[in-house]
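Per-entry structural report
Listed below, chain by chain, are the residues.
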Amino acid sequence: MAASSCINLSSKFPSLSWKSHLSSTTSTSTSTSTSTFSISPLRAHHHHYPRFVIFAMCSAKPTVLVAEKLGEAGVNLLKQFADVDCSYNLTHKELCTKISLCDALIVRSGTKVSREVFESSGGRLKVVGRAGVGIDNVDLAAATEHGCLVVNAPTANTVAAAEHGIALLTAMARNIAQADASLKAGKWLRNKYVGVSLVGKTLAVMGFGKVGSEVARRAKGLGMHVIAHDPYAPADRARATGVELVSFDEAIASADFISLHMPLTPATNKILNDETFAKMKKGVRIVNVARGGVIDEDALVRALDAGIVAQAALDVFTVEPPKDSKLVQHENVTATPHLGASTMEAQEGVAIEIAEAVVGALNGELAATAVNAPMVPAEVLSELKPFVALAEKLGRLAVQLVAGGSGVKSVKVIYGSARAPDDLDTRLLRAMITKGLIEPISSSFVNLVNADFTAKQRGLRIAEERSLLNGSPESPLEFIQVQISSVDSKFASALSDSGEIRVEGRVKDGIPHVTKVGSFEVDVSLEGSIILCRQVDQPGMIGKVGSILSEENVNVSFMSVGRIAPRKHAVMAIGVDEEPTKESLKRIGEIPAVEEFVYLKI
């Protein structure tokens, strides 16, 4: 994490501190950390405070520019605290001119808050509020560089989106849109628009977060059998709803209906494609009220034409609005123009949620919905910088070892250090481990401000422990170990003797390394990606795997073998610069001495 990408809240909020209390009782026993907010008395010297903290002290009002239509309840809430300027349909030039007079800006999706906007503010703009979830229209890097918090409203749309998903599900099943258009065209085609029943059918909810779980509840009420796939959903929460968590492949293979509620990330981009459509039941029906990019739209057209997908109901598209789209025009597609959040109640809820977040931020509070991070003191950041990278990469490594269908809910982090208990600030490290665990399959932006909140919202409990080591306290840490308990692993060798997924890493010459997987000692740089193989320890294994990778022009950066004893089992860890093809990975798996392997993107 570069210093330029963080907000220094310690300088902007001198009255606010966030302390992490971490203690250790013995060299082997440690205690779980807790985080608390502490408010100290305001100093008498106003020049120590940013402008919007002085407002509260002097009873002056900040100015909030509302650049797009916001619900009346939200505007009224803002007016209790600030001077509110509702100026809609501003050009980019007009926004840049007006912004130097504003302390906060609230937008929806139609206003682009670019670097030029932040530069034009002259340092006065302290908060940007996005009335909704996505923040694609806000330049986050520029915001953080200019000391501006960005907050959003991620929860108010939940019920509206779930209801729209169910509306599309039922409308698709009974051909409502097509029959309506036909009747208005003067036709009476009862036989053509015979639908299908929902009772007893299997619905796969792909993404069991807020919206997905609400869709599941409503589908159960319609008499459907509901299954779900979500690497983070706790199994007990799913069971309480009467939903079975399954792997991705099992979900798409057994479903009569598929409802998408996953975020758009590199891992989910075009996750429904020719290959995944081929694994589905013939005649499956698909609903998407999540993000358009999770579906390969050309592949969906082919699947519809081939009869693999009988119907699709879509509220979102890769490009919005779609132009000259074969998918939208397809006779078996029901389409709506991104109406998931478009209810009067949801619009009011979003308005209140974003107004509360902006007012809180202007009052100097650390907003739980902040999507960019404050900065720890420069000297601490400099010292922890290589361990920050290690923490995030260990989180990414550990979560990819979890088998599909296993809900991640309990994580333990152990820090090995010779430092005194009160001389190691782990807030940033914990936040980065949380970031590594959550961001690869989530639309959440995890940082120092919202890491604990985001983990809590997802039912993810992260406990921290200290292992007090003998030695020099010059280095803040000797190692970081991440454990995920009560889950299955797609690579059995990553399980420790006590049954949890365990990965451990160290910083060597400024570079993060993974040094232990399960009970096996390895040593591989956490750069690029990693292939882990469990094998029978015998001569020639390194050469065989290396030859396969070299034939595919995949460069091996690091290779390490950890074994129990000569000629017994061993784990080979291979760092690669490029992603191997599926064929080359298959060939590695077919080597007789290889008992299991996994490819992990770092």
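Conventions we followed
- Residues numbered from 1 in each chain as written.
- Predicted model: local features only at pLDDT ≥ 70, side-chain atom pairs only at ≥ 80, totals over all residues.
- Heavy atoms only, no water.
- UniProt positions renumbered as here; feature names shortened; annotations may be inferred.
- Buried < 20%, exposed > 50% of the residue type's maximum accessible area, 1.4 Å probe, protein only.
- Helix = DSSP H or I, 4+ residues; strand = E, 2+ residues; numbered from the N terminus.
- Right-handed = clockwise from strand over helix to strand, strands pointing away.
- Pairing = 2+ DSSP bridges.
- Axes fitted to C-alpha atoms, helices over the stretch in contact; angles between N-to-C directions.
- Contact = heavy atoms within 4.5 Å.
- Salt bridge = Lys/Arg side-chain N within 4 Å of Asp/Glu carboxyl O.
- Polar contact = N/O pair within 3.5 Å; in protein donor to acceptor, adjacent residues only side chain to side chain.
- Core = buried A, V, L, I, M, F, W, Y, C linked by side-chain atoms within 4.5 Å.
- Arc of directions from axis to C-beta.

Under an unreviewed UniProt entry, the name given to the chain is D-3-phosphoglycerate dehydrogenase, and the source organism is Anisodus acutangulus. Recorded under Subunit (unreviewed entry), the UniProt text for the chain is reproduced unchanged: "Homotetramer." For the record of the chain, the UniProt heading Catalytic activity (unreviewed entry) holds the text "(2R)-3-phosphoglycerate + NAD(+) = 3-phosphooxypyruvate + NADH + H(+)".

1. Regarding the pairing of strand S9 (residues 225-229)
Of all five residues in S9, four are buried, a share of seventy percent or more. In this fold, strand S8 (residues 202-206) hands off to helix H9 (residues 210-221), which returns the chain to S9; that crossover is right-handed. Relative to strand S10 (residues 244-245), S9 runs parallel, the two being bridged by two bridges. Residue pairing for S10: Ala228 is matched across the bridge by Leu245. Handedness of the β-α-β unit built from S9, helix H10 (residues 235-241) and S10 comes out right-handed.

2. Let's talk about the sheet that holds strand S4 (residues 83-86)
Pairing in this open sheet of five strands is parallel, and the strands run S4-S3-S5-S6-S7 from one edge to the other. Edge positions in the open sheet fall to S4 and strand S7 (149-152), since each of these has one partner strand only. Geometrically, the sheet is characterised by an average inter-axis angle of 20° between neighbouring strands, direction not taken into account. Relative to S4, strand S3 (residues 63-66) is paired through four bridges, and the arrangement is parallel. Pairing of Thr63 across the sheet is with Asp83, part of S4. Contacts between helix H3 (residues 72-79) and the sheet are confined to S3, S4 and strand S5 (104-107), with S4 contributing the most and set at about 145° to the helix. Most of the contacts of helix H15 (residues 344-362) go to strand S6 (residues 127-130), to which it runs at about 170°, and overall it touches S3, S5, S6 and S7.

3. Focus on the pattern of salt bridges
Opposite charge on two side chains allows them to pair when their charged atoms are near. Per the stated rule, a full pass over the model turns up 22 salt bridges. Residue Glu392 is joined to Arg396 by a salt bridge in which the shortest nitrogen-to-oxygen separation is 3.3 Å. Of this pair, Glu392 and Arg396 both sit in helix H16 (residues 378-400), separated by four residues, roughly a single helical turn. The exposure class assigned to Glu392 is buried, which follows from its relative accessible area of 16%. Because the salt bridges share partners, they merge into one network encompassing Glu214, Arg217 and Arg218.

4. Some thoughts on the environment of Gln311
Residue placement: Gln311 occurs in strand S13 (residues 309-314). Look at Gln311 and you get buried, because its relative accessible area is 6%. The spacing of Gln311 and Asn175 is 136 residues in sequence and 9.4 Å in space, taken between C-alpha atoms. When neighbours within four sequence positions are excluded, Gln311 is seen to be in contact with Met172, Ala173, Asn175, Val284, Arg285, Ile286, Leu304 and Asn332. Within the structure, Gln311 has its side chain in polar contact with the side chain of Arg285 (distance 2.6 Å).

5. Considerations on unusual backbone geometry
In this chain, Glu320 is followed by Pro321 through a cis amide linkage whose omega measures -5°. Counting through the fold element by element, Pro321 comes out in the loop between S13 and helix H14 (326-329). We note that Asn89 has phi near 60°; this positive angle belongs to a residue other than glycine. Structurally, the position occupied by Asn89 is in the loop between S4 and helix H4 (92-98). One non-glycine residue, His338, adopts positive backbone phi at about 50°. Judged by relative accessible area, which is 39%, His338 ranks as partly exposed.

6. Focus: the environment of Ser120
Structurally, the position occupied by Ser120 is in helix H5 (residues 115-120). If sequence neighbours within four positions are ignored, Ser120 has contacts with Cys96, Ile99 and Ser100.

7. Description of the nonpolar core
Ranked by internal contacts, the top residues of the largest apolar core, which has 51 residues, are Leu401, Val411, Leu437, Ile480, Ile484 and Leu532. Sort the elements by how many residues they give to this core and H16 lands first, with nine residues. Sequence-distant contacts of Leu437, that is, excluding residues within four places in its chain, are made with Tyr232, Gly395, Arg396, Val399, Val411, Leu460, Ile462 and Ile484. Grouped together as the second largest cluster of nonpolar side chains are 30 residues, Phe248, Ile252, Leu272 and Met280 included.

8. Digging into the pairing of strand S21 (residues 529-536)
The two faces of a sheet get side chains in turn, since along a regular strand they alternate between them. By the criterion of burial, S21 is predominantly enclosed, with six of the eight residues buried. As judged from the eight bridges shared by S21 and strand S23 (residues 569-576), these two strands associate in the antiparallel manner. Its bridge partner being in S23, Gln535 is matched across the sheet by Ala570. Relative to strand S24 (residues 594-601), S21 is paired through seven bridges, and the arrangement is antiparallel. Pairing of Cys533 across the sheet is with Phe597, part of S24.

9. Focus: helix H19 (residues 541-551)
Since one α-helical turn is 3.6 residues long, residues separated by three or four positions face the same way. Among all positions of H19, only Met541, Val545, Ile548 and Leu549 are buried. One face of H19 carries all of its buried residues, which in axial projection span an arc of 95°. One or two residues past the end of H19 sits Asn553, with phi positive at roughly 60°.

10. Considerations on the sheet that holds strand S14 (residues 333-335)
Read across the sheet, seven strands follow the order S10-S9-S8-S11-S12-S13-S14 without closing on themselves; strand pairing throughout is parallel. Looking along the sheet, the strands with just one partner apiece sit at the ends: S10 and S14. Relative to S8, H9 is tilted by about 170°, and along the sheet it contacts S8, S9 and strand S11 (257-260). Of the strands in this sheet, S13 and S14 are in contact with helix H13 (residues 297-306), which crosses S13 at around 140°.

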